[in-house]
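# Observations on the model geometry
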Amino acid sequence: MKRFFLFAVLMTSCFGFSQAAPAPAQASSGSQATDQKIKDLEERVIALEGQLRMLESKQQAVAAPPTTTAPATPSPTSQAAAPEQAEVTAENGQVPVYGGATGQAKALNPDISLIGDFLAAVGHNTARPVPTLEMHETELGLQAIIDPYARADAFISFGEEGVNLEEGYLTFTALPAGIVARAGKMRAAFGKVNTLHNHVLPWTDRPLVTENLVGGEDGINDAGLSVTRAFEGPKGLFIEGTGQVFRGDSDDVFKSIRREDVSTVGHVRAYKDITESTNLDIGASYSRGHNDAGLLSAPQFQNDFVTSLYGADATLRWKPLRRSIYHSFVGRTEFVWSDRQQFPAAQHAFGMYASGDYQLARRWFVGARYDHSERARDSAQLDQGGSLVLTYWPSEFAQLRAQYRHTDYAEQQNVNELRLQLQFAMGAHGAHPF
C-alpha cells in the first residue's frame, strides 16, 4: 500500500511537470529541467523505499523470538569483511535492534520488592525481652499475574533466626458469581491485625491481645483454601463474606494431631461511607481448631481438646478531600474472646485494644493505643498497658517511628520501654489496606 502511494506521488508529479512544459521554442532547456526534477523524485522514492524496508526489518526483529543457537567462531576472512558488511547493512536499512530480548524477558518476570524492618529497644523488660538492636525482618515479595484467570503472590521473610515463607498463594479472580478463591499458605481473615504484615502496622509491635490470644506475630497463618464473596447490601452497605479451611497448625493457637484436625475461619465485613470524608468498617470473626493440650493425654483423648475464637473489629477513617495529604485520622478497635479446652479446666479469656492515629502534617503522624488482655492458657493472668507513637515519613519508601510503651504484665509491673523503628522499601510492593 505504501509503495503504491509512492508510485502515485511520482506519477502525479510527472504529470504536473508535463502540463507545465514550456513552448516548443523553449523545449531544449525545459526538457533538461524536467529530466532533472524527475531524477530527483526517483531518488526520493528510492530513499523512501529504503526507509520503509528499515521499518519492516525493525518490526520483524522485535517480533522474532530470541534464538538459543551459539554463534559460530568467525574466521579471519569474515572478521576482515565485517566492517564492509556493516556498511552494506546500514545502507540497506538493516539497523541492529538492541534490547528486544531483554524487554521480552523482563515482561515475563514478576514484580519484585524488598522491605526492611530495623528495630531498637531501650528499657528493662524481663517478661518479654527483645534485643537492643535487631534487623527484625526483611521481606521479599514476588507478585505476578499468571494468566487472565489467576495471580500469584509470595512473601518470604528473612530474619536473624532463619527464613520463613510468610505467605504464598494463588488467587483465582475469574470464578462465576463474583467469587474469589485462594489456595496456598496465607494469613487467616480473623479480625484486622492478624491479616497484616509487620511493615503495614501503625506501631512497632502488635497489641497484647494478638500476642496472648491470636498467636502473636505469626498469628493464624497456615496452608489452606479460602473463598470470598462480596455483594451490595441495603442503603449503600458493602458486605463481604470469607470462609477458610486450614491444615490446623498455627503457632501457639492450633495444633493438628491427626489429618482430620483441620481449622476453620469465618469472617463477615461490612463497609459504609458515612460522609464524603468518613467511612466505617466493621467485622465479625470466628475460628475453631484443635490445640496442643491433647499431646499430654492418652491417644484416644488427644482429639478432644478444641480452641474457639470469637472476634469483633471496627475501623473509622476520616480523610478530608481538600486536605487529604495533610490531615487524616484512623480509629481502630478489636475484641477477642478465647475458649480453650485443656486439662484440668477450660480457660475463657478476653482481650482488646483501641487506638487512634492522627496525621499532623504531610509527613508527621501521632498515635496512641490502649491494651488489655488475659492469657489463653491461664485467664487469671492479665496484661495491660498503653503506648504513644510518633511517625515520620521522609518519603513513601521509608519511615521512622518512635513508640513509648508502659505495660503491666502479670509477672512484672511498670515496664517502660522506648522502641525505635526504621523501615525502607524497594520495588513495587503490593498494597495492604488496613
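Parameters at a glance
- Residues numbered from 1 in each chain as written.
- Predicted model: local features only at pLDDT ≥ 70, side-chain atom pairs only at ≥ 80, totals over all residues.
- Heavy atoms only, no water.
- Helix = DSSP H or I, 4+ residues; strand = E, 2+ residues; numbered from the N terminus.
- Buried < 20%, exposed > 50% of the residue type's maximum accessible area, 1.4 Å probe, protein only.
- Contact = heavy atoms within 4.5 Å.
- Areas by Shrake-Rupley, 256 points an atom, 1.4 Å probe, with all protein chains shown as cover.
- pLDDT = per-residue confidence, 0-100.
- Phe/Tyr/Trp six-rings, centres within 6.5 Å; stacked < 30°, edge-to-face > 60°.
- Lys NZ or Arg CZ within 6 Å of the ring centre and 35° of its normal.
- Pairing = 2+ DSSP bridges.
- Core = buried A, V, L, I, M, F, W, Y, C linked by side-chain atoms within 4.5 Å.
- Patch = residues over 30% accessible without salt bridge, like charges linked within 9 Å, V, L, I, M, F, W, Y side chains within 5 Å.
- Salt bridge = Lys/Arg side-chain N within 4 Å of Asp/Glu carboxyl O.
- 1 Å grid on protein atoms, 1.4 Å probe; cavity = no way out; pocket = protein on both sides within 12 Å on 5 of 7 lines; lining within 4 Å.
- Points joined across faces, edges and corners; volume = space filled by probe spheres on them.
- Nonpolar A, V, L, I, M, F, W, Y, C, P; charged D, E, K, R; others polar.

A tally of regular secondary structure across the chain gives five helices and 16 strands. For the chain, with 434 residues in total, the buried portion stands at 35%. Pairs at least 24 residues apart make up 55% of the contacts formed inside the chain by residues separated by at least 6 positions. Roughly 24800 Å² of accessible area belongs to the chain as shown, and the carbon and sulfur atoms make up 61% of that amount.

Looking now at the confidence of the model for the chain. Per-residue confidence for the chain gives a mean pLDDT of 83, with 77% of residues at or over 70. Counted against residues more than four places away or in other chains, residues 1–7, with its pLDDT under 50, gives six contacts. Per-residue pLDDT stays below 50 along residues 66–101; that stretch engages in 13 contacts with residues further than four places along the chain or on separate chains.

The next thing to look at is the packing of aromatic side chains. Per the counting criterion, the structure on display carries six aromatic pairs. For the pair Phe335 and Trp337, a centre-to-centre distance of 6.4 Å together with 20 degrees between the ring planes defines the contact as stacked. Among the residues examined, Phe335 registers a relative accessible area of 29% and is labelled partly exposed. An angle of 40 degrees between the planes, with centres 4.6 Å apart, marks the rings of Trp364 and Tyr392 as tilted. With Trp364 in strand β13 (residues 364–374) and Tyr392 in strand β14 (residues 382–395), this residue pair connects regions lying 28 residues apart in the sequence. In this structure, Arg369 is placed above the aromatic ring of Trp203, and the distance from its NZ or CZ to the ring centre is 4.9 Å.

Attention shifts here to the pairing of strand β11 (residues 329–340). Across twelve bridges, the pairing between strand β10 (residues 306–318) and β11 is antiparallel. Counted as the bridge partner of Gly311 is Val336 from β11. Sheet topology note: the β11/strand β12 (residues 347–359) ladder contains twelve bridges and is antiparallel. Its bridge partner being in β12, Trp337 is matched across the sheet by Phe350.

Our focus in this paragraph is the nonpolar core. Formed by 23 residues in total, the largest nonpolar core has its most connected members in Phe190, Trp203, Leu213, Val214, Ile220, Leu309 and Val336. Elements with a minimum of two residues in this core: α5 (208–213) and β12. Apart from residues no more than four positions distant in its own chain, Val214 is found in contact with Phe190, Asn194, Val209, Gly219, Ile220, Val253 and Val336.

Turning to a nonpolar patch on the surface, a few remarks are in order. A grouping of Val122, Leu388, Tyr404, Leu418 and Leu420 is seen on the molecular surface, where their side chains present a nonpolar patch of about 460 Å² in accessible area. Positionally, Leu418 belongs in strand β16 (residues 415–427).

To continue, consider empty space enclosed by the protein. A complete count under the given rule lists two cavities of 30 Å³ or more for this structure. By volume, the largest cavity amounts to about 50 Å³. Together, Phe190, Val193, Asn194, Val209, Thr210, Val214, Glu334 and Val336 line the largest cavity. Mapped by element, the contributors of at least two residues to the lining of the largest cavity are α5 and β11. Partitioning the lining of the largest cavity into residue classes produces five nonpolar, two polar and one charged. Counted as a void, the second largest cavity has a volume near 40 Å³. For the lining of the second largest cavity, the secondary structure elements donating two or more residues are β13, β14 and β15 (398–408). Among the residues making up the lining of the second largest cavity, the classes are represented as one nonpolar, five polar and three charged.

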